[in-house]
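Summary of structural features
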Amino acid sequence: MNWSRLCFLTVVSAFVATGVSGSYILEDTPLHCSVRRSISPCTCSYFTGMVRPKIMVICQKMESFESVIGALQNKFDAVFDYVLNIEYSELHDLDTRRFNELGFPIVDLKLTKNNLSTLPDEAFIGMNRIRILYLSDNRLCAVPTQIFKHMPSIEVLDLARNSIHSVASGDFQILSLMNTFVMATNNLTDITNGSFPTTLRKVQLAANNLTELNGNLRNQKELEWLYLSNNRIKNLDGELPIDNDKLIVLDVSRNRLTHLPPELNCLKALRYFYCASNQLTGLNKTLSKSRKLVWLELTGNKIQELASDEFQEASMIEVLELSNNCIKHLNKSLLPLTQLSEINLSYNKISEFSLTEIKGLKELKLVDLSHNTISKLSGHSDVIYNRIRTYEPVTGIEHLKLDHNELDSLGGSLIGIKTLVKLNISHNKFTDISPYDLTGLNLKILDVSHNLLHILPDSSQIHLPALETLVASYNVLTGLSKDFQGYPVLCHADLEFNNIMTIQEELVEMTQCKLHGVNSTLRIYLEDNPVLCDDKTKIITKAMELKYNAEVSGTAKCIPVTNDIKISNLTEIDKSPITVIVA
């Protein structure tokens with residue numbers, strides 16, 4: 001994942017979780033202000049890394065509004081801008097005093113977690129410099145419209161985690177400068193048409209009970225971020241902004257959408273679209289012209305098939321999440337996605353996968369096809385072996401997940417994918433793995449656990465020069481001889497819970513674990529294998545350790561048997577298992 005996208009998603013996540021991202025994260029190292037001791041129990045910090053220095057004042061667990069004023073009144077110089085944060089306090093007397101009595105200019109006011117159910121407008125008289133107002137985590141049942149006339153310059157308003165059930169058309173009429181509005185996690189069921197000013201850039205309405213938007217976002221031409229997840233919306237037709245070339249993030253996950261609105265194709269700036277856990281059965285080409293889209297999340301729907309031109313012009317998509325759907329066929333729909341780096345198709349109904357589905361996707365690093373019903377891989381001859389009989393790179397895949405399917409062969413489909421580093425084919429039906437299937441690969445991690453393997457791939461015919469980790473637990477392996485000789489730098493071999501009865505020193509004679517180019521110890525795990533009950537095993541493993549820097553570990557439950565016990569008395573033997581530990 002590229003770091004710029006990760007940083008962007010971190011900011012987005014913060015906005016989703018807390019409402020407004022970064023309003024109180026000042027880009028400067030705070031200094032203790034000079035009046036810190038005289039305003040106890042409140043505290044203050046001084047920030048200089050901006051055009052106009054700012055002082056943050058924090059008061060927590062105050063007994064009353066009167067005590068806030070008593071602690072702060074006339075203690076600060078009016079030449080600075082102030083951020084006032086009052087939380088976890090008892091403000092039952094808010095109607096008896098005013099904020100402007102404090103004697104310093106407040107530009108950002110945070111009144112969260114104070115159990116406020118009403119806000120008397122008299123307390124806010126003269127607060128016309130407020131630009132950011134936090135009222136989240138209280139018990140408000142209605143929009144406190146009455147206080148806004150004293151704060152017409154509000155740009156950011158956070159009403160998250162209250163109990164507000166409706167928004168009327170005049171509630172925010174006076175807030176003509178508001179650009180960020182947060183009302184997540186309330187009980188909203190109704191928003192009257194015309195409720196919002198047309199200046200909004202970021203809107204957070206997640207986790208409510210909305211079934212429709214009543215056209216409130218239709219004329220939001222400046223809108224950049226829109227979060228509507230965790231509601232009960234069934235239809236977005238005619239609800240998304242028109243003539244908008246700025247909307248970057250749209251989240252409508254966990255609603256009840258059965259189809260996507262056609263106007264999605266008109267959102268030319270859309271880069272991140274989240275529509276997980278809805279009831280979509282198809283996409284109907286609604287994203288085919290999303291030329292700037294880089295992240296598409298469609299997990300947990302009922303999508304059955306993708307049309308061949310589903311993403312015809314959406315070539316910039318980097319991450320495509322399609323897990324937990326009902327997809328059976330891809331119809332080469334992925335081929336236009338030349339920038340695709342990750343695709344998740346797990347938990348679908350794919351029974352056969354062809355490498356032609358990802359032909360030419362050289363930026364592709366992760367393909368997750370786990371938890372399907374795939375019984376056949378194909379496409380090798382069409383994709384890799386060209387007319388002049390030389391191998392061509394199909395893709396840049398580094399990690400391929402094929403676990404929890406019904407494969408019994410790879411069919412040579414991976415030959416030539418030299419970028420492949422991690423391969424997981426656990427929980428399938430392999431009884432053996434042909435050396436041909438792994439030829440030319442540069443695997444570092446190979447997981448073949450939970451299959452029916454009775455031998456490892458023939459080491460005389462296979463060479464995996466970079467393999468560091470082999471996981472082959474929960475198979476039916478019976479012996480270990482020269483099995484590692486094709487893995488010259490192997491460091492971890494998990495062979496637990498097999499039926500291994502013999503082990504030979506030559507297993508590791510051609511192997512030297514290397515970590516970052518430095519010789520290290522090869523660790524072999526043999527938990528619950530009968531070979532640990534053989535007296536010769538300790539001698540062999542000790543020699544392996546001394547000669548080849550290989551360490552064998554594990555425990556097994558062994559039944560004691562002695563030669564002088566008569567067969568007729570066998571039933572009287574104490575058959576309680578003895579644990580043997582090799583380490």
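For every chain, the first residue of the written sequence is number 1, and numbering continues from 1 along that sequence. Given that this is a predicted model, residues contribute local features only at a pLDDT of at least 70 and side-chain atom pairs are listed and counted only at 80 or more, while totals for whole chains, interfaces and linings are drawn from all residues. The side-chain quantities take in all heavy atoms of the structure and omit both hydrogens and water.

Per an unreviewed UniProt entry, the protein chain goes by the name LRRCT domain-containing protein and belongs to Aphis glycines.

Let us look at the packing of aromatic side chains. One pair of aromatic rings is described through two measures. These are the centre distance and the angle between the planes. Pairing of aromatic side chains requires ring centres within 6.5 Å, counting the rings of Phe and Tyr and the six-membered ring of Trp. Pairs whose planes differ by under 30 degrees are stacked, by over 60 edge-to-face, and all others tilted. Under the counting rule described, the total for this entry stands at 12 aromatic pairs. With a centroid separation of 5.4 Å and 75 degrees between ring planes, the pair formed by Tyr46 and Phe80 is classed as edge-to-face. Taken together, the positions of Tyr46 in strand S2 (residues 43–47) and Phe80 in the loop between helix H2 (65–72) and strand S4 (81–87) put the pair 34 residues apart, joining distant regions of the chain. We call a residue buried when its accessible area falls under 20% of the maximum for its residue type, exposed when it is over 50%, and partly exposed in between, using a 1.4 Å probe and counting protein chains only. With relative accessibility at 22%, the residue Tyr46 sits in the partly exposed group. Taking 6.2 Å as the distance between ring centres and 40 degrees as the angle between the ring planes, the aromatic pair formed by Phe484 and Tyr487 counts as tilted. Accessibility classification places Phe484 together with Tyr487 in one group, the buried group. Grouping aromatic residues by their ring pairs yields a cluster made of Phe148, Phe172, Phe181 and Phe196. Cation placement over rings: the criterion is NZ of Lys or CZ of Arg within 6 Å of the ring centroid and within 35° of the ring normal. The ring of Tyr134 has Lys110 lying over it, and the distance from NZ or CZ to the ring centre is 5.4 Å. Here the basic side chain of Lys202 rests over the ring of Trp225, its NZ or CZ set 5.0 Å away from the ring centre. Numbering of helices and strands runs from the N terminus, with a helix taken as a DSSP run of H or I at least four residues long and a strand as a DSSP run of E at least two residues long.

What follows deals with the state of the cysteines. In this description, a disulfide is simply a cysteine sulfur pair whose atoms lie within 2.5 Å. Enumeration over the complete set of coordinates arrives at 3 disulfides. A sulfur-sulfur distance of 2.0 Å marks the disulfide that ties Cys491 to Cys513. Residues Cys491 and Cys513 are joined through a disulfide that is right-handed, its torsion about the S-S bond being 95 degrees. Within this pair, whereas Cys491 is found in the loop between strand S25 (479–480) and strand S26 (492–494), its partner Cys513 is found in the loop between strand S27 (502–503) and strand S28 (514–515), the two being separated by 22 residues in sequence. The burial state of Cys491 is the same as that of Cys513; both residues are buried. Across the disulfide, Cys533 is cross-linked to Cys558 (sulfur-sulfur distance 1.7 Å). An S-S torsion of about -85 degrees defines the bridge between Cys533 and Cys558 as left-handed. A residue pair is termed long-range when its members are at least 10 positions apart, and Cys533 in the loop between strand S30 (522–525) and helix H4 (535–548) and Cys558 in strand S31 (residues 550–558) qualify at 25 residues. Among the residues examined, Cys533 registers a relative accessible area of 31% and is labelled partly exposed.

Take the residue count of a helix, subtract one, and multiply by 1.5 Å to get its expected span. For H4, spanning 14 residues, the distance from its first C-alpha to its last is 21 Å, which sits close to the expected 20 Å at 1.5 Å a residue. Three or more residues of H4 are buried, namely Thr537, Thr541, Ala543 and Met544. The buried side chains of H4 occupy one side of the element, clustering within an arc of 155 degrees when seen end-on. Of the exposed residues in H4, those oriented more than 90 degrees away from the buried face are Asp535, Lys538, Ile539, Leu546 and Lys547. Here a polar contact means two N or O atoms within 3.5 Å. Within protein one must be a hydrogen donor candidate and the other an acceptor candidate, and residues neighboring in sequence count only if both atoms are side-chain atoms. Its side-chain oxygen at 2.9 Å from the backbone nitrogen of Lys536, Asp534 defines the N-terminal cap of H4. The directions considered for the arc run from the helix axis to the C-beta atoms.

A separate point is the side chain of Asp368. Inspection of the secondary structure puts Asp368 in strand S19 (residues 366–368). There is a polar contact of 2.6 Å between the side chain of Asp368 and the side chain of Ser370. With residues up to four places along the chain from it excluded, the contact list for Asp368 reads Ile343, Asn344, Leu345, Ser346 and Lys401. Any two residues having at least one pair of non-hydrogen atoms within 4.5 Å are treated as being in contact.

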